[in-house]
Protein chains: 2
Amino acid sequence: MAASTLTEVARLAGVSPATASRVLNGSARKPGQDIADRVRQAADSLGYIPNAQAQGLAKSSSGLIGLIVHDIADPYFAAIARGVQEAAREQGRMVLLATTAGAPGDEKEAVAAFAARRADSIVIAGSRSARTEDSKGNADLAAELDRYCRNGGQVAVVGHPVVGAAVTEGYHVVEVPNEELAASLASELAASRPDDDFVIIGGPDGLFTSDDRVRGFQQGLAEAGRPPAEVLRSSFNRAGGYEAGLTLAARIKAAGPGGKTGQGNGVHGKARGLCIFAVNDVMAIGAAAALRSEGLRIPRDATIAGFDDIETLRDFRPALSTVHLPLEDIGRIATRSAAGSAAAEADAAAAPSPPVTGRVTLRRSTEMAS
Amino acid sequence: MAASTLTEVARLAGVSPATASRVLNGSARKPGQDIADRVRQAADSLGYIPNAQAQGLAKSSSGLIGLIVHDIADPYFAAIARGVQEAAREQGRMVLLATTAGAPGDEKEAVAAFAARRADSIVIAGSRSARTEDSKGNADLAAELDRYCRNGGQVAVVGHPVVGAAVTEGYHVVEVPNEELAASLASELAASRPDDDFVIIGGPDGLFTSDDRVRGFQQGLAEAGRPPAEVLRSSFNRAGGYEAGLTLAARIKAAGPGGKTGQGNGVHGKARGLCIFAVNDVMAIGAAAALRSEGLRIPRDATIAGFDDIETLRDFRPALSTVHLPLEDIGRIATRSAAGSAAAEADAAAAPSPPVTGRVTLRRSTEMAS
DNA sequence: CTGATTCGGGAAAGCGCATTCCCACTGCAT
DNA sequence: ATGCAGTGGGAATGCGCTTTCCCGAATCAG
């Protein structure tokens, strides 16, 4: 028994397919009450389910939203995905998921696949990369997006625009003030940790999100009259944080065995502590785990801060200082800004994009030594 | 500029649409080399992207996999989703996401939507419910799945079968040995905590996953010669765990202020500790947070264990004793078992479904008191 | 009571592609 | 030279639905 079709419903109801279509799916023309009832009854007596593919083909629009993330199991992306999902539901659309591990080549393919499915809009979350080895991929991606937009697609990018993207029509960017927030974090940290040296654990060079946060942090430090922090680069995940954490642990132990009151490193008689800024929470957690595994305690032997304020990580102890980002809202905003209708564009003109605001959140992991 | 069509490509290449179709998409008949080249060249000079909707309509199959979860931001589901996504990629399909907060009514709608999109298969993760208020929704869901399967769809359910599902054709269940594993956990805990009383923090009555784990744990306790544990019911998330944790904290403090050596509660002169089993990690973390907020320490004032071994929570301290579940594999297995082909069915006959195995993992949170 | 409008319904033309059928042609054996 | 299968390409049909166009009937003004 194959799924029943509109034609069958129409026949059962004794009307034409055109009429059946008009009553079953929102059409401008409303058939008479009695006919409508007959059709509707026929429809659910047959268990009729409209074929979305055929509908899509006929009106060339699919009710699909494409979402591109690096990794859906990463809580950062999962949170954004939740927002996207919610907004999609509001719009009566479904979300199509693609994960790419951040490879622009894969992202290009994902965009092509979405385009093939005639997705109404595409949301790209996850940091853009400016690394030279990605430049080919980025160019391809930009071209693909270009084409997609020219064919009427709407795309929203979280964070940084895609490198080399030329179109403006239908291309939206949800700005995340990474740099400013990182600067604020730095300045608050500088104030609360007057005697600490700072070090940054960053992601790979060229990752915009990472680079912005590093730059902002350095700037905040400079404004507070602090010297620039050293930057350790590693991968943008827990493992990267852990690795960098091991390096730092060794250094801390070498500098002051048994605590920071060892053989005074610094011109003042007073020993200097170390404050670590990891460019995201997951890396911070990794670094913290590394320190702990080396017998170091936080915030006693070093202090640490992250970025994102991942919900699942809030129960981590010592509570992680970080910058809160409304991840779910970001997903929602991105999805809405790519909702692509005349109304939406009018709105967009009025409010180019509801600004994303974060908040520095200092917690126990950078608390003053008692 | 609308997206170019196969016909345009064919015209440019000077061949018929049929031929173009044959070269551009895997067809049994391979046109001649020269023609193939011409077509391919025409295709990418036009930036041709096949219209998946039309393809789907024509061959009635969409290359889509529907995934139903309660909440994509929940790390449990996010992990499963990752597995599903990977398997989908292997199969050259894309995943369509639906979140339902566990409401059978929403799940039914999601299935209908997937059916409308002619998804090749559907993976349902997330606990089934047997609560009476859900019985109507469950029946509807079962009916919808039934219809979907009869129309050739493949369904894989993680954990428990949908209540009332009648079809067998195309209906797969990935069994998760919740009960057995919970029993093992109980027996190991009983051995390592000989002097503890046990208490269980469960989800709402009627949630299969929760009920299975509760039942298994009780059984394990019984086999170890321990009396049944009291069961506290609350919601299946962190908040629920937190709430139950507060209740328990009050109880612990009342029983033995300042530690468990207070006014001896028990026939032996020796005070008894409390070992808490929360039916999932997230609840366990919530309960732990509640205890901590009440000034209690783990494992000193109480010990606690969870279930799932959520990756993001592994850095939690004290490290949480739990039951490891290969979440990602589960997603992968479910997706593969619903891959729905003759070959897959032959495989399925050979290996009904690659068994999911978990592992009791005792860590610091239930460590022997020193 | 007639002519100009609506109004409600049906017929039919695609949407973009896969696929079946058909045909012209080649190569081979007879 | 003639018949045969085999091969490679094109014409045409249909997937299920939307939508334009058309037409008969009903409504209204004059």
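Keep in mind the model is a prediction, meaning the values are calculated, not measured. (Residues numbered from 1 in each chain as written. Chains lettered and ligands numbered in written order. Predicted model: local features only at pLDDT ≥ 70, side-chain atom pairs only at ≥ 80, totals over all residues. Heavy atoms only, no water.)

Once that is clear, we can look at the overall build of chain A. For chain A, the helix and strand inventory stands at 13 helices and 11 strands. The C-alpha radius of gyration of chain A comes to 26 Å, more than 25% above the 21 Å expected for a compact globule of 370 residues. Taken along its principal axes, the extent of the C-alpha atoms in chain A is 95 × 40 × 40 Å. Each of the 370 residues in chain A was classed as buried or not, and the buried ones make up 55%. Sequence-distant contacts in chain A: of pairs separated by 6 or more residues, those separated by 24 or more amount to 73%. When the accessible area of chain A is evaluated, it comes to approximately 15400 Å², of which 53% is carbon and sulfur surface. Chain A carries 39 positive and 43 negative side-chain charges, and their two centres are separated by 3 Å. (Helix = DSSP H or I, 4+ residues; strand = E, 2+ residues; numbered from the N terminus. Rg over C-alpha atoms; globule rule 2.2 N^0.38 Å. Buried < 20%, exposed > 50% of the residue type's maximum accessible area, 1.4 Å probe, protein only. Contact = heavy atoms within 4.5 Å. Areas by Shrake-Rupley, 256 points an atom, 1.4 Å probe, with all protein chains shown as cover. Lys, Arg positive; Asp, Glu negative; His and termini not counted. Charge placed at Lys NZ, Arg CZ, Asp CG, Glu CD.)

A separate point is the interface of chain A and chain B. Contact with chain A, which involves 55 residues of that partner, is made by 55 residues of chain B. Where chain A abuts chain B, roughly 4800 Å² becomes buried across the two surfaces, and 55% of that area is made up of carbon and sulfur atoms. Three residues stand out in chain A for area buried against chain B, namely Gln53(A), Met94(A) and Asp315(A), and they jointly supply 15% of the buried area on that side. Linking chain A to chain B there are six salt bridges. Remark: the boundary between chain A and chain B carries 17 residue pairs in polar contact (both at pLDDT 80 or more). Elements represented by at least two residues in the side of chain A that touches chain B include exactly helix H4 (52–59), helix H5 (75–90), strand S2 (94–99), helix H6 (104–116), helix H7 (135–150) and helix H11 (281–293) of chain A. Element by element, the count of residues in the side of chain A that touches chain B is highest for H5(A), at seven residues. Split into classes, the residues belonging to the side of chain A that touches chain B amount to 30 nonpolar, 12 polar and 13 charged. Note: S2(A) against strand S2 (residues 94–99) of chain B, three bridges, orientation antiparallel. Counted as the bridge partner of Leu96(A) is Leu96(B) from S2(B). (Buried area = accessible area lost by both parts, 1.4 Å probe. Salt bridge = Lys/Arg side-chain N within 4 Å of Asp/Glu carboxyl O. Polar contact = N/O pair within 3.5 Å; in protein donor to acceptor, adjacent residues only side chain to side chain. Nonpolar A, V, L, I, M, F, W, Y, C, P; charged D, E, K, R; others polar. Pairing = 2+ DSSP bridges.)

Looking at DNA strand D, there are 24 residues lining it, with Leu6(A), Ser21(A), Tyr48(A), Thr19(B) and Arg29(B) nearest. Near-protein atoms of DNA strand D (within 4 Å) split between backbone and bases, with sugar and phosphate holding 58%. Between DNA strand D and Ser21(A), the relevant distance is 2.5 Å, taken from a phosphate oxygen to a side-chain nitrogen or oxygen of the residue. At a separation of 2.3 Å, a phosphate oxygen of DNA strand D approaches a polar side-chain atom of Thr19(B). Breaking the surface near DNA strand D down by element, the ones donating at least two residues are helix H2 (17–24) and H4 of chain A together with helix H2 (17–24) and helix H4 (52–59) of chain B. Residue composition of the surface near DNA strand D, grouped by class: 12 nonpolar, eight polar and four charged. (Near = heavy atom within 4 Å.)

Moving on to the protein's contact with DNA strand C. Close contacts around DNA strand C come from 24 residues, with Thr19(A), Arg29(A), Leu6(B), Ser21(B) and Tyr48(B) the closest. The sugar-phosphate share of atoms of DNA strand C within 4 Å of the protein amounts to 58%. For DNA strand C, a base oxygen lies 3.5 Å from a polar atom in the side chain of Arg22(B). In the model, a base nitrogen of DNA strand C is placed 3.5 Å from a nitrogen or oxygen of the Ala54(B) main chain. Mapped by element, the contributors of at least two residues to the surface near DNA strand C are H2 and H4 of chain A together with H2 and H4 of chain B. Split by residue class, the surface near DNA strand C holds 12 nonpolar, eight polar and four charged.

Across all of its chains, the model carries seven cavities of 30 Å³ or more by this definition. Along the walls of the largest cavity sit Ala52(A), Gln53(A), Ser62(A), Leu64(A), Arg117(A), Ala52(B), Gln53(B), Ser62(B), Leu64(B) and Arg117(B), which together make up its complete lining. Breaking the lining of the largest cavity down by element, the ones donating at least two residues are H4 of chain A together with H4 of chain B. Taken together, the residues of the lining of the largest cavity sort by class into four nonpolar, four polar and two charged. (1 Å grid on protein atoms, 1.4 Å probe; cavity = no way out; pocket = protein on both sides within 12 Å on 5 of 7 lines; lining within 4 Å. Points joined across faces, edges and corners; volume = space filled by probe spheres on them.)

Glancing now at the environment of Cys149(A). For Cys149(A), the location among the structural elements is in helix H7. Along the primary structure Cys149(A) and Asp34(A) are separated by 115 residues, whereas in three dimensions their C-alpha atoms are 44 Å apart.

With that settled, consider the pattern of salt bridges. Once the charged atoms of two side chains with opposite charge are near each other, the side chains can pair. All names here are of chain A. For the structure shown, the criterion picks out 54 salt bridges over all chains. Among the ionic pairs, Lys253 bridges to Glu294, the shortest N-O distance being 3.1 Å. Within this pair, whereas Lys253 is found in helix H10 (residues 238–255), its partner Glu294 is found in the loop between H11 and strand S9 (303–305), the two being separated by 41 residues in sequence. Residue Lys253 is classed as partly exposed on the basis of its relative accessible area of 35%.

This part takes up the packing of helix H6 (residues 104–116) of chain B against helix H7 (residues 135–150) of chain B. Helix-helix packing: each pair is described by the crossing angle between the helix axes and the interaxial distance. Residue and element names in this part refer to chain B. Put simply, H6 and H7 touch, their axes get as near as 8 Å, and they point 15 degrees apart. Viewed along their axes, H6 and H7 adopt a mutual orientation that is roughly parallel. Classified by chirality, the crossing of H7 by H6 is left-handed. Contacts between H6 and H7 pair Pro104, Gly105, Glu107, Lys108, Val111, Ala112 and Ala115 from the former with Gly137, Asn138, Asp140, Leu141, Glu144, Leu145 and Tyr148 from the latter. (Axes fitted to C-alpha atoms, helices over the stretch in contact; angles between N-to-C directions. Parallel < 35°, antiparallel > 145°, perpendicular 65-115°, else oblique. Left-handed = near helix turned anticlockwise from the far one by under 90°.)

Limitation: the analysis is restricted to geometry and does not speak to function.
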